[in-house]
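What follows is each chain in one-letter form.
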Amino acid sequence: MIFRRKKYLFSIFLSLLLTFCQTTYAFFGQTHCSLSELALEKIENLKINEKEKSAFLSGSVCADIGKFEFDDKAHIESDSKEFSEKLMSNAVTSEEKWFAIGVKLHVFEDKSANKFLKNIFKNQKVGYLNYIYCCSTIDNYFLKKDKKFIYFENFSKLFDSNQLISKLKDSVKSQKSKIIIKFLSVLRIAFNLFFKCVFNRYYKNIEKIHIKPNEGLLKRTYNDFGLNISENFVKKQTANILSTFLISSYFVSKKSGCVKYSQQNLEKELEDLIELTKSELVKMILEEKIL
């Protein structure tokens, strides 16, 4: 009973959190990582080593790194075309360039998200919470299909609910939301512990895709936008975005049937989207001349 009550409260917290963090329809981290990897694998005779591939997949996830803090302070969205192009111009090593390519592909994938989700989840209710369910359902699809999940070293310890709740306090307007957030603030330690419980129960025995934010490249790029950040703070923000994606995926997996879709239609739409993503990735590789 206690666990169910905590799960209910955390669901409210998560809904508020994601509403605050996202302003446009976009995919979540697990989907970005899987889409990018599948597109990469479709390119024949591509010479890329494991470190470069890891950097590429990390970029595809870390494009959302600014959602909780950096976007506001730097006045630039980390998953925007402008930021991704500046990131690429600052990239020096092959790993940095592949990281920047991952971010650029993330931006392209987000532009495709709205049409894709509408084609999959036809006749669904319109609303932001329902959108969260749809995106998390796609994340769950890839999680179960690939049997691996995006992972950042020690992210469950770096997850900063204090920062997230503080930001929420400044953003919400309704009195009901303010009361909920005030209540969550009192229980922030319990929520930290609950997150670790969710992680250990749901993700512990699944293969990990190690995400590594390129702290040096991100630091140089944010400096160009007038924001001085530390490498440790980059790690904290990475932990926050991954934690949000994983918790969202967990709760939606427990709420089976919250959105309906055709498995056959999903796989057909995914096939088309992967092919489209591959074409865009080839174009990026040729334009940036990273091979």
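A few points on the structure.

1. Observations regarding the overall build of the protein chain
Next up, step 1: The helix and strand tally for the protein chain stands at 14 helices and two strands.
Next up, step 2: Buried positions account for 54% of the 291 residues belonging to the protein chain.
Next up, step 3: Put simply, of all contacts in the protein chain between residues at least 6 apart along the chain, 84% involve residues at least 24 apart.
Next up, step 4: About 14,400 Å² of surface is accessible on the protein chain, with carbon and sulfur atoms providing 51% of the total.

2. Quick look at the side chain of K148
Next up, step 1: Counting through the fold element by element, K148 comes out in strand 1 (residues 148-151).
Next up, step 2: Look past the residues within four positions of K148 in its chain and what remains in contact with it is Q30, E37, L143, I206, E207 and I209.

3. Side note on the packing of helix 2 (residues 29-41) against helix 6 (residues 94-120)
Next up, step 1: Remark: helix 2 packs on helix 6, axes separated minimally by 10 Å, with the N-to-C direction vectors making an angle of 110°. Taken together, the axis directions place helix 2 and helix 6 in an arrangement best described as roughly perpendicular. Contact with helix 2, carried on its side by H32, L35, S36 and L40, involves W98, L105, H106, E109 and D110 of helix 6 and no other residues of that element.
Next up, step 2: Looking at the contact of helix 2 with helix 6, its residues break down into four nonpolar, three polar and two charged.

4. What to know about helix 5 (residues 81-90)
Next up, step 1: Among the residues making up helix 5, those that are buried are F83, S84, L87, M88 and N90. Down the axis of helix 5, the smallest arc covering the buried residues is 165°, so these residues share one side. In helix 5, the exposed residues that point more than 90 degrees away from the buried face are K81 and S89.
Next up, step 2: Close packing links the buried residues of helix 5 with helix 6, helix 12 (215-224) and helix 14 (263-288).

5. Comments concerning the pattern of salt bridges
As a working rule, side chains carrying opposite charge can pair if their charged atoms are close by.
Next up, step 1: Per the counting criterion, the structure on display carries 11 salt bridges.
Next up, step 2: One salt bridge connects K67 with D71, and the closest N-O pair in it is separated by 3.8 Å.
Next up, step 3: Here E275 makes a salt bridge to K278, at a shortest N to O gap of 3.3 Å. Of this pair, E275 and K278 both sit in helix 14, three residues apart, which is roughly one turn of that helix.
Next up, step 4: The class of E275 is partly exposed, set by a relative accessible area of 36%.
Next up, step 5: Overlapping salt bridges bring together E37, K53 and K148 as one network.

The rules behind these values
Residues numbered from 1 in each chain as written. Predicted model: local features only at pLDDT ≥ 70, side-chain atom pairs only at ≥ 80, totals over all residues. Heavy atoms only, no water. Helix = DSSP H or I, 4+ residues; strand = E, 2+ residues; numbered from the N terminus. Buried < 20%, exposed > 50% of the residue type's maximum accessible area, 1.4 Å probe, protein only. Contact = heavy atoms within 4.5 Å. Areas by Shrake-Rupley, 256 points an atom, 1.4 Å probe, with all protein chains shown as cover. Axes fitted to C-alpha atoms, helices over the stretch in contact; angles between N-to-C directions. Parallel < 35°, antiparallel > 145°, perpendicular 65-115°, else oblique. Nonpolar A, V, L, I, M, F, W, Y, C, P; charged D, E, K, R; others polar. Arc of directions from axis to C-beta. Salt bridge = Lys/Arg side-chain N within 4 Å of Asp/Glu carboxyl O.

Geometric descriptors of this kind do not, in isolation, establish any biological role.
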